[in-house]
Amino acid sequence: MLQSISMNLEIAARQLEALGNPTRLQIYRTLVRAGFGGMSVGQVQESIGLAASTLSHHLKRLVDQGLVRQDRSGTTLICHAVYPVMNALIGYLADECC
């Protein structure tokens with residue numbers, strides 16, 4: 001079931017600011033491409049090639065803006081792109097377009 005996400009200028013600006021960092025955008029695109037199963041933090045780290053502390057910092061920004069969620073599976077932290085939020089941001093940007 002898809003949920004509707006309310007979007008406004010302030011939320012969109014914060015999300016776009018978070019995605020405006022090249023490293024965070026790379027992380028986010030990696031998670032979007034991973035699909036609904038997501039990726040473990042270790043898999044993201046291996047894919048992107050970042051130090052664990054740097055990756056943690058960037059993931060926190062994405063989580064804080066609602067673009068990414070993290071679920072624990074035993075001792076593994078799984079990261080997921082939050083597709084309804086992504087779709088709301090895209091919709092907000094394209095609203096009343098053309």
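Residues numbered from 1 in each chain as written. Predicted model: local features only at pLDDT ≥ 70, side-chain atom pairs only at ≥ 80, totals over all residues. Heavy atoms only, no water.

Scanning the protein chain from N- to C-terminus turns up five helices and three strands. Sequence-ordered secondary structure for the protein chain, helices as α and strands as β, is α-α-β-α-α-β-β-α. In terms of overall size, the protein chain behaves like a compact globule, its C-alpha atoms giving a radius of gyration of 14 Å where 98 residues would be expected to give roughly 13 Å. Referenced to the eigenvectors of the C-alpha coordinate spread, the extents of the protein chain come out at roughly 45 × 30 × 20 Å. Within the protein chain, the fraction of its 98 residues that count as buried is 35%. (Helix = DSSP H or I, 4+ residues; strand = E, 2+ residues; numbered from the N terminus. Rg over C-alpha atoms; globule rule 2.2 N^0.38 Å. Buried < 20%, exposed > 50% of the residue type's maximum accessible area, 1.4 Å probe, protein only.)

Counting 24 residues, the largest nonpolar core has Ile27, Tyr28, Leu31, Val44, Leu62 and Leu67 as its most contacted members. Of all elements in the fold, only helix H1 (9–19), helix H2 (22–34), helix H3 (41–48), helix H4 (52–64), strand S3 (76–81) and helix H5 (83–94) reach the threshold of two or more residues within this core. Per element, the largest residue contribution to this core is five residues, and it comes from H5. Each residue touching Tyr28, except ones within four places of it in the same chain, is listed here: Leu19, Leu62, Leu67, Val68, Ala81, Val82 and Met86. (Core = buried A, V, L, I, M, F, W, Y, C linked by side-chain atoms within 4.5 Å. Contact = heavy atoms within 4.5 Å.)

Taken N-terminus to C-terminus, the directions of H3 and H4 make an angle of 110°; their axes are 10 Å apart at the nearest point. Here H3 is positioned roughly perpendicular relative to H4, judged by the angle of their axes. On H4, the residues touching Val41, Val44 and Gln45 of H3 are Ala52, Leu55 and Leu59. For the contact of H3 with H4, the residue count by class is five nonpolar, one polar and no charged. (Axes fitted to C-alpha atoms, helices over the stretch in contact; angles between N-to-C directions. Parallel < 35°, antiparallel > 145°, perpendicular 65-115°, else oblique. Nonpolar A, V, L, I, M, F, W, Y, C, P; charged D, E, K, R; others polar.)

Below, the discussion takes up H2. Along its 13 residues, H2 runs 18 Å from first to last C-alpha, staying within 8% of the 18 Å computed at 1.5 Å per residue. The backbone nitrogen of Thr23 has a side-chain oxygen 2.9 Å away, supplied by the residue at the start of H2, namely Asn21. Among the residues trailing H2, Gly35 stands out with phi positive, at a value near 85°. (Expected span 1.5 Å × (residues − 1). Polar contact = N/O pair within 3.5 Å; in protein donor to acceptor, adjacent residues only side chain to side chain.)

With that settled, consider the sheet that holds strand S2 (residues 68–73). The sheet built from three strands is open, its strands ordered S1-S3-S2 with antiparallel pairing. Because the sheet does not close on itself, it has two edges, and the strands there are strand S1 (39–40) and S2. Pairing of S1 with S3, which is carried by two bridges, proceeds in the antiparallel orientation. Looking at S3, one finds that Ser40 is bridged to Ile78. (Pairing = 2+ DSSP bridges.)

Everything listed here is a matter of geometry and, on its own, says nothing about what the molecule does.
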